[in-house]
Amino acid sequence: MVDVSSIAPDAMEKDESDDKEHIWRVLGYGNPGTGKTHFGFTMPEPVFCIDTENKAHSITDKFDKEIYLFEVNNYDEAINALSQSLDALEKYQTEEGVRGTLMVDSMSNMWDWAQQKYMEMAYPGRDPNEVDFKSALQSGDSDWQSIKRLHNERFRDKMATSDFHLYWTSTSREDYGAILSGSDDPPAKPTGEKNNVYKATEVLHFFEGEDGRPAANLKKNARTKWRFGGLYYPTFQKVEEIIEGIVDAETSPEDITLGDLKKSFPQEVDLYDGDPDLIMGGGEE
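Residues numbered from 1 in each chain as written. Predicted model: local features only at pLDDT ≥ 70, side-chain atom pairs only at ≥ 80, totals over all residues. Heavy atoms only, no water.

1. Regarding the sheet that holds strand β9 (residues 214-221)
- With mixed pairing, the eight strands of this open sheet are ordered in space as β3-β2-β4-β5-β1-β8-β9-β11. Both outer strands of the open sheet, β3 (67-71) and β11 (231-232), are each paired with one neighbouring strand and no more.
- Relative to strand β8 (residues 202-208), strand β1 (residues 25-30) runs parallel, the two being bridged by five bridges. Bridge assignment links Gly 28 to a residue of β8, and that residue is Leu 204.
- In this fold helix α6 (residues 143-160) packs onto β1, β2 (47-51), β4 (101-105) and β5 (165-170), with an angle of close to 135° to the strand it touches most, β5. (Pairing = 2+ DSSP bridges. Helix = DSSP H or I, 4+ residues; strand = E, 2+ residues; numbered from the N terminus. Contact = heavy atoms within 4.5 Å. Axes fitted to C-alpha atoms, helices over the stretch in contact; angles between N-to-C directions.)

The structure is reproduced here in structure tokens:
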């Protein structure tokens, strides 16, 4: 048998990989008032929240846990809050052995602020309505490349490559591509930088369900094929339980059906082999 450790000493063996703790990188999007911010405060503590909307403080009293809030109003303040949050989370992990959560509420605002910051740098004194950002310039970076650098390299990627749980919120918009393709009931899509969803391991669509109750669909999960829909009053603990149950079922040597798996969950939730938004018709009841 080949002694891999002598050839590739930095390679992780499968057993080591299997035992690694999953780092949650969740993107939650939806209309205002659908429970996105509430979900973030149910993530593993301590939770450091970069609040770009200055509204999160209105519900922190509902939670008996360590929550730290940064109320920021522009790009520079958000960058500073990010630096402080990462330093504090690293301290918690080193000294207390806990993996906390970094929350940004919302990433939609950060995408807008990156554009505003670029305007200040590249077009000082210009009316934003008079500037048409170029996707290609004769020399150097395009406007959009520079904006993406401000948003992605200086902000998003510092979180995405960190060792902490992440939770980002985003508002939603209609899927214009689906509309142009003739869809009568297109699913919603998150606003903000379009590649944010690819940096997340789990994507949740929050919406107002039956009788006005907040609900969520699992749009993406990096570890499973099956997804859930219609989870009422979603919390991290509920989502974790369902996803871990799906992971166990999909890796089980037994032939477990979606119906069998659904019966094992204490809460009422539907399971799908496919996109729940499309199957449910836009994601909402």
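From this point, things continue past the structure.
2. A few points about the side chain of Asp 143
- In this fold, Asp 143 is placed in helix α6.
- One buried charge, Asp 143, has no salt-bridge partner; the nearest side chain with opposite charge is Lys 134, at 5.6 Å.
- Within the local environment of Asp 143, its side chain forms a polar contact with the side chain of Tyr 118, the two groups lying 2.4 Å apart. (Buried < 20%, exposed > 50% of the residue type's maximum accessible area, 1.4 Å probe, protein only. Lys, Arg positive; Asp, Glu negative; His and termini not counted. Salt bridge = Lys/Arg side-chain N within 4 Å of Asp/Glu carboxyl O. Polar contact = N/O pair within 3.5 Å; in protein donor to acceptor, adjacent residues only side chain to side chain.)

3. Overview of the pairing of β9
- Of all eight residues in β9, six are buried, a share of seventy percent or more.
- Where β8 meets β9, seven bridges bridge the pair, whose relative direction is antiparallel. Residue pairing across strands places Phe 207 opposite Ala 215, the latter belonging to β9.
- Across two bridges, the pairing between β9 and β11 is antiparallel. Bridging from a neighbouring strand, Ala 215 pairs with Tyr 232 of β11.

4. Description of the nonpolar core
- Formed by 35 residues in total, the largest nonpolar core has its most connected members in Ile 50, Leu 102, Val 104, Phe 155 and Met 159.
- Looking at this core, the elements that each hand over two or more residues are β1, β2, α4 (75-96), β4, α5 (107-122), α6 and β5.
- A per-element tally of this core places α4 first, with eight residues.
- The contact partners of Phe 155, leaving out residues within four places of it in the chain, are Ile 50, Ala 78, Ile 79, Leu 82, Val 104, Met 107, Met 110 and Leu 150.
- If you look at the next biggest cluster of nonpolar residues, it comprises 31 residues, including Trp 24, Phe 63, Val 239 and Leu 271. (Core = buried A, V, L, I, M, F, W, Y, C linked by side-chain atoms within 4.5 Å.)

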